[in-house]
Amino acid sequence: MSRAVILLAAGQGQRLGWDRPKGFVEVAGRPLLSRAAETAARAGIADVLVVAAPVGWEAEAERAATGCGLPIRVVTGGPTRRESVRLSMQALPEADAVVCHDVARPLATARLFRAVVEALGAADGAVPVVPVTDTVKRVSDGLVSETLRRDDLALAQTPQAFVRVALAEAHARARAAPPVATDDAALLEAAGYRVAVVPGDPANVKVTVPGDIRLVEAMLRADG
């Protein structure tokens, strides 16, 4: 089976307040994209790495990802995450399975990449999740309308793995009738495919605001 990893690095990351797109923001002296490429290669589950880069940052993206040990293909990403995945898929006609990962999660482990790929044996997609530990309220007009059962809830992370034909069809259906979806697993769910879950990692945090960078750097220092 031929496998590919798509690294999603086309987001601007405006909430970080840097002078560059999020994938090129440095954490502990290295761009987020560089860290993600290294981890994906170390996992040993892919034959090729595709980077979805912002317009005008394609050459910089190739420099950041080069050296990870995998062949690199850089595509110009779209205005949305979904469009960036679709454009990346067009560069992967030979792949049987695809792993999609947000470079904004610099602490994702090689073990997590392997876990989602291994889960494809029994499903069309696989997503790492962590349990919800706080009480969750549904709020409407400033008032609590419902308290949700947290036993039925989980927080999704990346990397997420998919059978390529299932992911391609899910994206095609989403273009015809867009569902409410913020990740690729939700597109498969909407298209009726099976999506398995694997244990996520609470340390696999997402960099969104400046405080997240300080948190990740502190976690890296703690790990030595």
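Calculation criteria
- Residues numbered from 1 in each chain as written.
- Predicted model: local features only at pLDDT ≥ 70, side-chain atom pairs only at ≥ 80, totals over all residues.
- Heavy atoms only, no water.
- Helix = DSSP H or I, 4+ residues; strand = E, 2+ residues; numbered from the N terminus.
- Buried < 20%, exposed > 50% of the residue type's maximum accessible area, 1.4 Å probe, protein only.
- Polar contact = N/O pair within 3.5 Å; in protein donor to acceptor, adjacent residues only side chain to side chain.
- Contact = heavy atoms within 4.5 Å.
- Salt bridge = Lys/Arg side-chain N within 4 Å of Asp/Glu carboxyl O.

Draft legend 1. Up close: the side chain of Gln160. Inspection of the secondary structure puts Gln160 in strand S11 (residues 160-163). Owing to a relative accessible area of 1%, Gln160 belongs among the buried residues under this scheme. Within polar-contact distance, the side chain of Gln160 engages the backbone oxygen of Gln157 at 3.0 Å. At 2.9 Å, the side chain of Gln160 forms a polar contact with the side chain of Asp183. Those residues within four positions of Gln160 in sequence are excluded, and the remaining contacts are Val98, Val99, Cys100, Ala126, Val127, Pro128, Asp183, Asp184 and Ala185.

Draft legend 2. Structural view of the pattern of salt bridges. Using the criterion set out here, one finds 13 salt bridges in the structure. The partner of Glu146 in a salt bridge is Arg138, and the shortest N-O contact between them spans 3.0 Å. On the accessibility criterion, Glu146 (37% relative accessible area) is partly exposed. With relative accessibility at 44%, the residue Arg138 sits in the partly exposed group. A salt bridge links Glu169 to Arg173, with the nearest nitrogen and oxygen atoms 2.8 Å apart. Of the two residues, Glu169 and Arg173 both sit in helix H5 (residues 164-176), 4 residues apart, roughly one turn of that helix. In this structure Arg173 comes out as partly exposed when scored by relative accessible area, which is 43%.

Coordinates in, geometry out; function isn't part of it.
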